[in-house]
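Below are the chains, spelled out letter by letter.
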Amino acid sequence: MSLLVSIDFSEVTDAQIDIVDSLASPKREIHLLHVTEPDPSFVGLEAGPEEVQKQVASELQHAHDALHALADRLRANGHTVDTLLVPGPTVQTILEQAEKLDADVIVMGSHGRGKLFDLVVGSVSAGVIRKSPVPVLVVPVRSET
């Protein structure tokens, strides 16, 4: 049994980790996934000037380090955790990884931007919910009251 936790490093990330920590049994594998932008050379674009390449590399390194820090938080409480930093279209990549890892549940965060935003821009959570063959747990942003 395994959980796929889609991480975007937004304000909901800590709540996702807390929920997974409290719900997951030590025997359940936890896969932390962060989907990155597709590699420009893969989609037929030039990689750009050296400064752009350095910026992209820096962002990937930051995401890698942050993902490992979250994994360490869960490991400190006895969980088995691995990390994945995968480029691609977000919804499709999450679903592909869930299938590849035989995930029982996908855990995602919701930014709570509202129905109008979702209608105009779209929502990754909504896209995954519509297409996922496994249950999706959506963790809302904690409101400050």
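Residues numbered from 1 in each chain as written. Predicted model: local features only at pLDDT ≥ 70, side-chain atom pairs only at ≥ 80, totals over all residues. Heavy atoms only, no water.

## Some remarks on the sheet that holds strand S4 (residues 105-109)
Strand order in the open sheet formed by five strands is S3-S2-S1-S4-S5, with parallel pairing between adjacent strands. Sheet topology places strand S3 (80-87) and strand S5 (136-139) at the edges, where each strand pairs with a single neighbour. Averaged over all adjacent pairs, the angle separating strand axes in this sheet is 20°, with direction ignored. Two strands pair when backbone bridges link them, and S4 and S5 are joined in this way by four bridges, in the parallel orientation. Following the sheet pairing, Val107 is matched in S5 by Leu137. In the packing of helix H1 (residues 13-23) onto the sheet, contacts are made with strand S1 (2-6), strand S2 (29-36), S4 and S5, and the angle to S5 comes to roughly 130°. Sheet contacts for helix H5 (residues 124-131): S4 and S5; angle to S4, the most-contacted strand, approximately 160°. (Pairing = 2+ DSSP bridges. Helix = DSSP H or I, 4+ residues; strand = E, 2+ residues; numbered from the N terminus. Axes fitted to C-alpha atoms, helices over the stretch in contact; angles between N-to-C directions. Contact = heavy atoms within 4.5 Å.)

## Structural notes on the pattern of salt bridges
Counted by the stated rule, this structure contains three salt bridges. With a closest N to O distance of 2.8 Å, Arg73 and Asp14 form a salt bridge. Residue Arg73 is found in helix H2 (residues 50-75), and its partner Asp14 is found in helix H1; the two are separated by 59 residues along the sequence. A salt bridge links Arg73 to Asp18, with the shortest nitrogen-to-oxygen separation between them at 3.0 Å. Placement of Arg73 in helix H2 and of Asp18 in helix H1 is noted, with a sequence separation of 55 residues between them. Judged by relative accessible area, Asp18 falls into the partly exposed class, the value being 33%. (Salt bridge = Lys/Arg side-chain N within 4 Å of Asp/Glu carboxyl O. Buried < 20%, exposed > 50% of the residue type's maximum accessible area, 1.4 Å probe, protein only.)

## A look at the pairing of S1
Counting buried residues along S1, five of its five residues qualify, which places the element largely inside the surrounding structure. Of the two faces of S1, the one holding Ser2, Leu4 and Ser6 and the one holding Leu3 and Val5 are both buried throughout. Crossover S1 to S2 through H1 is right-handed. Across three bridges, the pairing between S1 and S4 is parallel. Note on S4: the bridge partner recorded for Leu4 is Ile106. (Right-handed = clockwise from strand over helix to strand, strands pointing away.)

## Looking at the packing of helix H3 (residues 90-100) against H5
Between H3 and H5, the least distance of the axes is 9 Å, while the angle of their chain directions is 45°. Between H3 and H5, the angle is such that the two are oblique. Crossing geometry of H3 relative to H5 is assigned as right-handed. Contacts from Thr90, Val91, Ile94 and Leu95 in H3 reach Val124, Gly127, Val128 and Lys131 in H5. (Parallel < 35°, antiparallel > 145°, perpendicular 65-115°, else oblique. Left-handed = near helix turned anticlockwise from the far one by under 90°.)

## Notes on the environment of Pro89
Looking at the element boundaries, Pro89 is found in the loop between S3 and H3. Expressed as a C-alpha distance, the spacing of Pro89 and Pro38, which sit 51 residues apart in the sequence, is 7.1 Å.

Shape is all these values report; function is a separate question.
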